[in-house]
Amino acid sequence: MEHAAHPPINASAVARDGLHPLLLPMPGAAPVRWRVSAASVAYPEALAEMDRRAEAIAAGEADELVWLLEHPPLYTAGTSARAEDLVDPDRFPIFDTGRGGQFTYHGPGQRVAYVMLDLKRREPDVRRYVAALEEWLIRALDSFNVRGERREDRVGVWVRRPEKAGTGEDKIAAIGIRVRRWVTLHGVSLNVEPDLSHFAGIVPCGVREHGVTSLVDLGLPVTMDDADLALRRAFETVFGPTIVDEA
């Protein structure tokens, strides 16, 4: 089974607030491998490794994996990307990808987490999986006393900015997924300290009415190591135990 993910996770089609926020594994399942790459990883290299690992997980030949990394500056186009949302096509490399969603930015200072889980070992429900990803990010942000919120009309995690003119909220974390043979691919990105001006080359996730922010933009001196620790602790409360991956 394969989902390009955007229709199944269309927030207007289902109230994710009503879904159970945890997606724990079946009893006796192996811990999820947890990998952190210190050096920046090229996007094609990351996709190739993710595809290999997902195939091995689906075949029962590898443990589940969460891979945390940073990319050099680039834009990615999801399956619902619209040409008019690419504002500056010459600014950074652009990659088409099989994940759901629209255009997004990746770059230094942003923690990308590729999540390769076998939903058959948990609950084969894509909508619940997306709700669990949101819950994971919300709990991680809570470690820094940041209140992350979901929105039923758009996927991702948002923070209120009452001091800002306009809508008074910004996006701090994005979600884009694909599910193949019930194994998840792609995942989430959390803005720790990226150059927020880089988002100006696209309409992020097709949302024109709202801006983007980061932990540092909110006035918090959070390092990538701080973010990684918060992400791992929160992940274990939502998805179950992890173990360091030595690969």
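Scroll up for the structure.
The next thing to look at is the overall build of the chain. Helix and strand counts for the chain come out as three helices and 13 strands. Residues classed as buried in the chain amount to 57% of the 247 residues present. In the chain, the proportion of contacts linking residues at least 24 apart, taken out of those at least 6 apart, comes to 72%. Surface accessibility of the chain: about 10,400 Å² in total, with carbon and sulfur atoms responsible for 52%.

Further remarks concern the nonpolar core. Core analysis: the biggest nonpolar cluster contains 43 residues, and Val66, Tyr129, Trp136 and Phe239 have the highest contact counts within it. Residue contributions to this core peak at 10 residues, all from helix H2 (residues 126–142). Excluding its chain neighbours within four sequence positions, the residues that come into contact with tyrosine 129 are Leu23, Val115, Leu117, Leu119, Ile177, Thr184 and Phe239. In terms of nonpolar packing, the next biggest core, distinct from the first, is built from 19 residues, Ala56, Ala62, Trp67 and Met116 among them.

Reading across from one edge, S5-S4-S6 is the order of the three strands in this open sheet, with mixed pairing throughout. Two strands bound the open sheet, and with one partner strand each, they are strand S5 (94–96) and strand S6 (103–106). Averaged over all pairs of adjacent strands, the angle between strand axes in this sheet comes to 25 degrees, irrespective of strand direction. Both strand S4 (residues 74–77) and S6 contribute to a ladder of four bridges, which runs antiparallel. Paired with threonine 76 across the strands is threonine 104, a residue of S6.

Between H2 and helix H3 (residues 224–239), the least distance of the axes is 8 Å, while the angle of their chain directions is 140 degrees. Judged by the inter-axis angle, H2 sits oblique to H3. In the crossing of H2 with H3, the sense of the turn from one axis to the other is right-handed. Contacts between H2 and H3 involve Tyr129, Ala132, Leu133, Glu135, Trp136, Leu137, Arg139 and Ala140 on the former and, on the latter, Ala230, Leu231, Ala234, Phe235, Thr237, Val238 and Phe239. Grouping the amino acids of the contact of H2 with H3 by side-chain chemistry returns 12 nonpolar, one polar and two charged.

Summarising the element assignment, threonine 237 is placed in helix H3. The class for threonine 237 is partly exposed, based on a relative accessible area of 37%. Measuring from C-alpha to C-alpha, the distance between threonine 237 and leucine 24 comes to 8.4 Å, with 213 residues separating the pair along the chain. Within the structure, threonine 237 has its side chain in polar contact with the backbone oxygen of alanine 234 (distance 2.7 Å).

About the criteria used
Residues numbered from 1 in each chain as written. Predicted model: local features only at pLDDT ≥ 70, side-chain atom pairs only at ≥ 80, totals over all residues. Heavy atoms only, no water. Helix = DSSP H or I, 4+ residues; strand = E, 2+ residues; numbered from the N terminus. Buried < 20%, exposed > 50% of the residue type's maximum accessible area, 1.4 Å probe, protein only. Contact = heavy atoms within 4.5 Å. Areas by Shrake-Rupley, 256 points an atom, 1.4 Å probe, with all protein chains shown as cover. Core = buried A, V, L, I, M, F, W, Y, C linked by side-chain atoms within 4.5 Å. Pairing = 2+ DSSP bridges. Axes fitted to C-alpha atoms, helices over the stretch in contact; angles between N-to-C directions. Parallel < 35°, antiparallel > 145°, perpendicular 65-115°, else oblique. Left-handed = near helix turned anticlockwise from the far one by under 90°. Nonpolar A, V, L, I, M, F, W, Y, C, P; charged D, E, K, R; others polar. Polar contact = N/O pair within 3.5 Å; in protein donor to acceptor, adjacent residues only side chain to side chain.

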